[in-house]
Amino acid sequence: MTLLLALLLAADRPVIDLSGGRVQAYPLAMARPLGAQDVGVPVQSVLSQDFERSGLFRLLDPASFLAPPAEGLTGIDFGKWQSVGAAALVKMNCEAAGPDVKCDLRLYDVTRGQESLHGTYTAPRAALRQVAHRFGDDVVRYFTREPAVFETRISYVRETESGKQIVAADWDGANAQALTGASINLLPAWTPDGKTIAFTSFRDGAGAHIFTVDVASRQVKPLVLMGDFATGAAYAPDGLRFLFSSSVNDNTDVYLSQADGSAGRRLTDARGIDISASWSPDGKRIAFVSERAGSPQIYSMAADGSDVRRLTFQGNYNQEPAWSPKGDLIAFSGRDEHRVFDLYTIAVDTGKITRLTQNAGTNEKPAWAPNGRYLLFSSTRGGKRQLWVMQPDGSNPRAVTSEKLGASDPAWGPLPPSK
Amino acid sequence: MQRALARAAGRAEPVPAEAPDPERAGSATGSASGTAASAEEGDAYFTAVHDAILENYVVPSVISERERLYLSATVLAWIGANGQILKHEFQKKSGNGFFDQALELAIQRTKLPAPPADLARALRDDGVVLNFKP
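It should be emphasised that the depicted structure is a prediction, and the values quoted were computed from it without experimental measurement. (Residues numbered from 1 in each chain as written. Chains lettered and ligands numbered in written order. Predicted model: local features only at pLDDT ≥ 70, side-chain atom pairs only at ≥ 80, totals over all residues. Heavy atoms only, no water.)

Right, let's talk about the sheet that holds strand 24 (residues 318-323) of chain A for a bit. Residue and element names in this part refer to chain A. The four strands lie next to each other as 24-25-26-27, forming an open sheet whose pairing is antiparallel. Two strands close off the open sheet at either side, each with one partner strand: strand 24 and strand 27 (353-355). On average, each strand axis in the sheet is inclined to that of its neighbour by 25°, with strand direction left out of account. As paired strands, strand 24 and strand 25 (residues 329-335) are joined by four bridges and run antiparallel to one another. Residue pairing across strands places Ala 322 opposite Ala 331, the latter belonging to strand 25. (Pairing = 2+ DSSP bridges. Helix = DSSP H or I, 4+ residues; strand = E, 2+ residues; numbered from the N terminus. Axes fitted to C-alpha atoms, helices over the stretch in contact; angles between N-to-C directions.)

What follows is the structure in structure tokens.
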């Protein structure tokens, strides 16, 4: 009877529904590295940049820290960290070990006063950055339960005095390595295994054709030599097929081919240019640009070329669609009323268009991070065209490249194999 | 359950008719069934509670957007006569420790106004249910 009464009373309690809490970056403190400073400081610097670029964390000012700099990896006074506003704490102890370095990296939950993650990473001294990226990925995975991208690679086109070359770099623009010479090379596209990049090139002197370059060996091979114009490779998620555009009889269409370049099949046959194809993450649909209605607009079609649907109706020049890895958004660039290109997303389900950039130079060629959390793009906001990264709502833009003559055409490589 | 904030939140939810409960009258001199004035006072108070908690309600960005779509948690909070949150307990945790931790922080940081006299006893003894979604 008493229990029944309690239940009845409970049923009478007023209820308040709360939603719409402010989304805020997680306050994280990074303590001064312990051990060899010539190892720890660079690792901490790379890790800090990763965390700041991620948009997930708010790094606290070390000048505010109350804990003694020599505080160890154990016996931590969490109250002192809590009182400076930290919810999480990163500490590290790095030592040189012959030609290698060994770093003990730890993440602590300050609120609960306990260790959350603990990793020991050994790497050649030249791979210090990778130590930071690896621990950073572990931290992000711990919090988000999603794959992280600090260990991923990107590719882009580097402007040089003698042309444009394909480059591969870390996600933050470091360790940039030229993969090709500098004829006119454009539009890199990674294979899903991250071992090869397809690109469009005028290198053979017979128009634009598609080639591949092996990232490790830099060996270049022809892939599509069809006609005098073949461009814009895009690999299917399974890596077994790829899309490209080719011009035959003065009509540019989207083609589908086997990964080795064989059995090319035309998917579009409308009048006007059909170009810039991008796969949906399930490989069932393709976004592309078509001029069939008089101006370049974004369309989608089934993977066999059927069921064509127009997606954009605003503006008279929309291009470069990139389907998000989560499948819900297609990013694209569109020319606005000031004749400047900016970035937008269109929600696949609702058609809702969101503007991501404005009044910050020309912004083009969006490329999704493989976890869908970031967009890499080219922008002239800082002067020369360079690559920038931001979150898919347009927030937290950060410069990625600082190439002397400029960078463009970004492509984001796949996630590294699971460890 | 009575949706105390239906009016404040702009949602129209029927309030079930219930018999007056002399045990839950706000004060010895108050009306057990309440009056139009006290109902408005109650709504205003729950709006104030809602707004005060919302002020401190921070969703950590480390929670993925996908997870934010389905997270929810329910907290039962008891409020003292001076507006102090006397205690709180999770009736349902979200399953995400960072979200639950953020709710703990929001409740700890929230300063509430003193409840109106005719709600004070119920809020002290029975509490209020807080349904959180990101």
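Looking now at helix 2 (residues 37-54) of chain A. The periodicity of an α-helix, 3.6 residues per turn, causes residues three or four places apart in sequence to face the same way. All names here are of chain A. Its 18 residues place the ends of helix 2 25 Å apart at the C-alpha level, agreeing with the 26 Å of an ideal helix rising 1.5 Å per residue. Residues Val 39, Gly 40, Val 43, Gln 44, Val 46, Leu 47, Ser 48, Asp 50, Phe 51, Arg 53 and Ser 54 constitute the buried set of helix 2. In the segment just after helix 2, Gly 55 is the residue with positive phi, at about 75°. (Expected span 1.5 Å × (residues − 1). Buried < 20%, exposed > 50% of the residue type's maximum accessible area, 1.4 Å probe, protein only.)

As used here, a disulfide is simply a covalent bond connecting the sulfur atoms of two cysteines. All names here are of chain A. Within the structure shown, the criterion is met by one disulfide over all chains. A sulfur-sulfur distance of 2.2 Å marks the disulfide that ties Cys 94 to Cys 103. Measuring the twist about the S-S bond at about 115°, one finds the Cys 94-Cys 103 disulfide to be right-handed. (Disulfide = S-S within 2.5 Å.)

Right, let's get into the confidence of the model for chain B. When pLDDT is averaged across chain B, the result is 79; 72% of the residues are at 70 or more. Long-range and interchain partners of residues 1-33 of chain B, a stretch whose pLDDT sits below 50, account for 49 contacts in this model, where long-range means more than four residues apart. (pLDDT = per-residue confidence, 0-100. Contact = heavy atoms within 4.5 Å.)

Attention shifts here to the pairing of strand 20 (residues 274-279) of chain A. Two strands pair when backbone bridges link them, and strand 20 of chain A and strand 21 (residues 285-290) of chain A are joined in this way by four bridges, in the antiparallel orientation. Bridging across to strand 21 of chain A, Ile 275 of chain A finds its partner in Val 289 of chain A.

Spatial strand order, 20-21-22-23 (chain A): four strands in an open sheet with antiparallel pairing. Edge strands, defined here as strands with exactly one partner in the open sheet, are strand 20 and strand 23 (309-310) of chain A.

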